[in-house]
Amino acid sequence: MKQDFTRNKYRQLLVILQTGGYSFITFADYCKGEKEGRFVILRHDVDLRPDFSLATAKIEHELGIRSVYYFRAVPESWDETIIKEIASMGHEVGYHYESLTTCSGNVEAAYDDFKKHLKELRCLTAVETICMHGSPRSPYDSKDIWKSYDYKSLNILGEPYLSTDFSKMLYLTDTGRRWDGYKASVRDKIEGFQEEWNEKGWSFHSTDDIIEALQENRLPDCLMITTHPQRWSDFDVSWLKELILQNIKNVVKRVIVTFK
Ligand SMILES: [Zn+2]
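An account of the accompanying structure is given in this report.

The rules behind these values
- Residues numbered from 1 in each chain as written.
- Predicted model: local features only at pLDDT ≥ 70, side-chain atom pairs only at ≥ 80, totals over all residues.
- Heavy atoms only, no water.
- Patch = residues over 30% accessible without salt bridge, like charges linked within 9 Å, V, L, I, M, F, W, Y side chains within 5 Å.
- Areas by Shrake-Rupley, 256 points an atom, 1.4 Å probe, with all protein chains shown as cover.
- Salt bridge = Lys/Arg side-chain N within 4 Å of Asp/Glu carboxyl O.
- Helix = DSSP H or I, 4+ residues; strand = E, 2+ residues; numbered from the N terminus.
- Donors = N, O, S within 2.8 Å, 3.2 Å for Na, K, Ca; no water.
- Buried < 20%, exposed > 50% of the residue type's maximum accessible area, 1.4 Å probe, protein only.
- Pairing = 2+ DSSP bridges.
- Contact = heavy atoms within 4.5 Å.
- Polar contact = N/O pair within 3.5 Å; in protein donor to acceptor, adjacent residues only side chain to side chain.

## A closer look at a nonpolar patch on the surface
Taken together, L240, I244, I248 and V252 make up a surface patch of nonpolar side chains, about 340 Å² in accessible area. Within the fold, I248 resides in helix 10 (residues 237–259).

What follows is the structure, given as structure tokens:
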């Protein structure tokens, strides 16, 4: 079996992006109007294992790259020492909220929950953007809070799913430990654009597929690449464990999609 989703492979991807002339901007930079030229927004959803995110953050830092890390307000993600360390490297830190799920669909309670955790995160570092955690098993979509409230009133500049112009940017995500997992994903996908991207040949399975496309200069100028760093490890027991776990999860997700 060929190894993918290892930290070495991740480093290779970053280097090939740099070689291709892409600059790396944070999502906050993008929201502030940095939208010119060839760039990539590297987004990381820290669903669990913040130590894996720290490892990714260090690789990027060594390469002079800044990205954004979204932390959940749950013990398996929220590690205050790691949050501060990642921020100190110049990376952006944001809030990976799931308030509508944790508050069982009650919008007012969810908004209060959101504000409470945002304030706590802001005690650790500056927070300018937020990003919804998909919670595939939840019937609630936490982005729906923003149908009733305005995050801008909390000095939040943007939410990737709501503030990105995907007509000008290709979105790639490692959901399901592959780059074409949007088929099985309940929420981590961009409605209305995926079909067009597929027609343009911008659907990839392995990281090597993306690397090859970059080498052949087949990718557009503006990219958002989302990774879940807990899926990227060195080849060891945890790598195998994650692979097996992800295969089980993919089956569960397919069942959920089928019955939706
Ligand atoms: Zn998430």
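## Some details on the coordination of the zinc ion
Bound to the zinc ion on the protein side are D47 (OD), H96 (NE2) and H133 (ND1), at distances that span 2.1 Å. One chain supplies every donor to the zinc ion, and in sequence these donors are spaced D-x48-H-x36-H. Of this pair, H96 sits in strand 4 (residues 92–97) while H133 sits in the loop between strand 5 (130–132) and helix 7 (160–163), placing them 37 residues apart in sequence. Take H96 and H133: they sit in the same class, and that class is buried.

## Section: the pairing of strand 7 (residues 222–227)
Burial within strand 7 is extensive, with six of its six residues counted as buried. In this sheet, strand 7 lies alongside strand 2 (residues 39–46) in parallel orientation, the contact comprising six bridges. What sits directly across from L42, in strand 7, is I225. One ladder, built from four bridges, connects strand 6 (residues 170–173) with strand 7; its direction is parallel. By the bridge assignment, L170 is partnered in strand 7 with L223.

## Digging into the environment of E159
Mapping E159 onto the fold places it in the loop between strand 5 and helix 7. Sequence-distant contacts of E159, defined by excluding residues within four places in its chain, comprise F27, Y97, I130, C131, M132, K143, Y151 and T164. At 2.8 Å, the side chain of E159 forms a polar contact with the backbone nitrogen of Y161.

Distances and angles like these do not, on their own, reveal function.
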